[in-house]
Amino acid sequence: MNKQIDIYEVGPRDGFQNLRTYIPLEEKLKIIDDLVASGIKHIQITSFVSPKAIPQMKDAAEVARICLEKYKNVDFFALVPNLRGAQTAWEVGIRKISYVVSLSASHNKANINRTHEESCEELRKIMERYPELYVCIDLATAFGCPFEGKVPAEAVAAFMKDYVALGVHEFNLCDTIGVANPRQVREVIHVVRAAYPDLTLQVHIHDTRNMGMVNTLAAIEAGVDRIQSTLGGLGGCPFAPGASGNLATEDIVYMLNDMGYDTGINFDELLAASRREKETITDGVFSGHHMNIQNKMAE
């Protein structure tokens, strides 16, 4: 097949943010070292948020500075929810951000405490202040919301209009609570592509009900070639009731490599990285599902 699929590892942000125990800086850096060693080129290393809201991210600036200095050829990016976060990210050298906004008004309020209008206005301020900052919209609840349910695919495309008008060229369609199915994934991507043929799309699929792999494959078959995942399947939105872990990077890489896609990632190195991560993080956040898969692969 030889089609290239770019894996966007978001574990150092989305995977860590829910953990109750703070992961020491040096341990975070070791995990990032392992990810880079496996061949991963795109890594969301942190988020510039209030440490009161997400204590795990209190070392965001230091993580970013060290990684940017150490790895010049890795595409490091960070999540930024507001102008203040964008300022801090810019000052430490980050030039690519994820800006999160929810399709659901209720989840947007719960997640970042803003109305839709306020979210759009905040991004306008960020882009005016930092015109050289590359912005990808993380469109949360794009496939369903814990408060409002699902919406038609046409509503997803319509919601994106204001952000496209601001000059955004890339969107990450997020299944925040893992309620999508393959047919819906294909439909949303088809409708968005038809409305905005020049946009770049990513997908971020949660693994609720073991649907992460099939929904991600549906997205790939619909033409998406940028896939977000987390090492070990860690993570989930802290402000979305019912949100489970993410798609495990080692699982999707194993499948894609075996199918003949070109990920550029060494699966054995990645699996070893996942095992070392498990040894580092010991508060029971690893699911039996993912560890069973890893154990089977090791046999």
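Values in this document were obtained by computation on a predicted structure and should not be read as measured data.

Asker: Break down the overall build of the protein chain for me, citing the residues and quoting the values.
Answerer: Scanning the protein chain from terminus to terminus reveals 12 helices and eight strands. Relative to the 2.2 N^0.38 estimate, which gives 19 Å for 299 residues, the radius of gyration of the protein chain is 18 Å and therefore close to what a compact globule would have. In terms of overall dimensions, the protein chain has C-alpha extents of about 50 × 40 × 35 Å along its principal axes. For the protein chain, the exposed area adds up to about 12700 Å²; of that, 49% sits on carbon and sulfur atoms.

Asker: Pulling in residues and values, what's your account of the packing of helix α4 (residues 83–92) against helix α6 (residues 116–129)?
Answerer: As a packed pair, α4 and α6 sit with axes 9 Å apart at the nearest point and diverge in direction by 30°. Taken together, the axis directions place α4 and α6 in an arrangement best described as roughly parallel. By crossing handedness, the relation of α4 to α6 is classed as right-handed. On α6, the residues that touch L83, A86 and Q87 of α4 are E122, K125, I126 and R129. For the contact of α4 with α6, the class distribution of residues is three nonpolar, one polar and three charged.

Thresholds, definitions, all that
- Residues numbered from 1 in each chain as written.
- Predicted model: local features only at pLDDT ≥ 70, side-chain atom pairs only at ≥ 80, totals over all residues.
- Heavy atoms only, no water.
- Helix = DSSP H or I, 4+ residues; strand = E, 2+ residues; numbered from the N terminus.
- Rg over C-alpha atoms; globule rule 2.2 N^0.38 Å.
- Areas by Shrake-Rupley, 256 points an atom, 1.4 Å probe, with all protein chains shown as cover.
- Axes fitted to C-alpha atoms, helices over the stretch in contact; angles between N-to-C directions.
- Parallel < 35°, antiparallel > 145°, perpendicular 65-115°, else oblique.
- Left-handed = near helix turned anticlockwise from the far one by under 90°.
- Contact = heavy atoms within 4.5 Å.
- Nonpolar A, V, L, I, M, F, W, Y, C, P; charged D, E, K, R; others polar.

So yeah, pure geometry; function would need other evidence.
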